[in-house]
Amino acid sequence: MKTAASVVGLLVSGLFLMGTAVGCGHRHVSPEQRADHIVEKIKDKLDLNEEQTSKLVIAKNEILKVRQEMKAQRTQTRTDFFEMLEQPKLDQDRILSLVKEKTRTVNEKAPEVVVALAGFFDSLTPEQQKTLREKIKDKMEHRRHSRKYN
């Protein structure tokens, strides 16, 4: 049970890191170009074979698909939110409904992404998994120490 929880934790962390990497970073390249760069970097660092690479590409494509769907919703959410700010009183029910809608979308899309990431992670050798864990841990530690307010 503890191992399953650890794997799920690592997968969620991986999802977060990949999502952050795809969603942030250099703005002079497209999200697809950033994702391709990340795939190449992971491929080189972990010395992936063709099967593992294809599973990583599937995970990348799933993340990009979900990102695009979320981006489409983001525009409408922002418009609705700024309309609410123009009113004399803030419509709490409408804000809660926007939050619930966003949460529902995340809950609907997360399983697809987790399945794709799990397919990739499960295809790795124990040594590759260890290397990935260390890289994720290092990245998370670096982010924790680089925050302005801990």
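Residues numbered from 1 in each chain as written. Predicted model: local features only at pLDDT ≥ 70, side-chain atom pairs only at ≥ 80, totals over all residues. Heavy atoms only, no water.

Novice: How do you make sense of the side chain of Lys109 when you look at a structure like this?
Specialist: Mapped onto the fold, Lys109 is located in helix H4 (residues 92–123). Residue Lys109 is classed as buried on the basis of its relative accessible area, which comes to 19%. Within the structure, the side chain of Lys109 is placed 2.8 Å from the side chain of Glu69, a separation counted as a polar contact. Discounting residues that sit within four places of it in the chain, Lys109 has contacts with Val66 and Glu69. (Helix = DSSP H or I, 4+ residues; strand = E, 2+ residues; numbered from the N terminus. Buried < 20%, exposed > 50% of the residue type's maximum accessible area, 1.4 Å probe, protein only. Polar contact = N/O pair within 3.5 Å; in protein donor to acceptor, adjacent residues only side chain to side chain. Contact = heavy atoms within 4.5 Å.)

Novice: Please explain the UniProt feature "coiled-coil region" (unreviewed entry) in the chain as it appears in this structure.
Specialist: Per the UniProt record, the feature "coiled-coil region" (unreviewed entry) sits at residues 49–76. Strand forms 0% of residues 49–76 and helix 96%; the C-alpha atoms that close the span are 41 Å apart. (UniProt positions renumbered as here; feature names shortened; annotations may be inferred.)

Novice: It is not clear to me how helix H3 (residues 50–85) should be interpreted in this structure. Could you clarify?
Specialist: Given 3.6 residues per helical turn, the α-helix brings residues three or four places apart onto the same face. End to end, H3 covers 51 Å across 36 residues, agreeing with the expected 52 Å (1.5 Å per residue, within 8%). One side-chain oxygen at the N-terminal end of H3 lies 3.1 Å from the backbone nitrogen of Glu51; it belongs to Asn49. (Expected span 1.5 Å × (residues − 1).)

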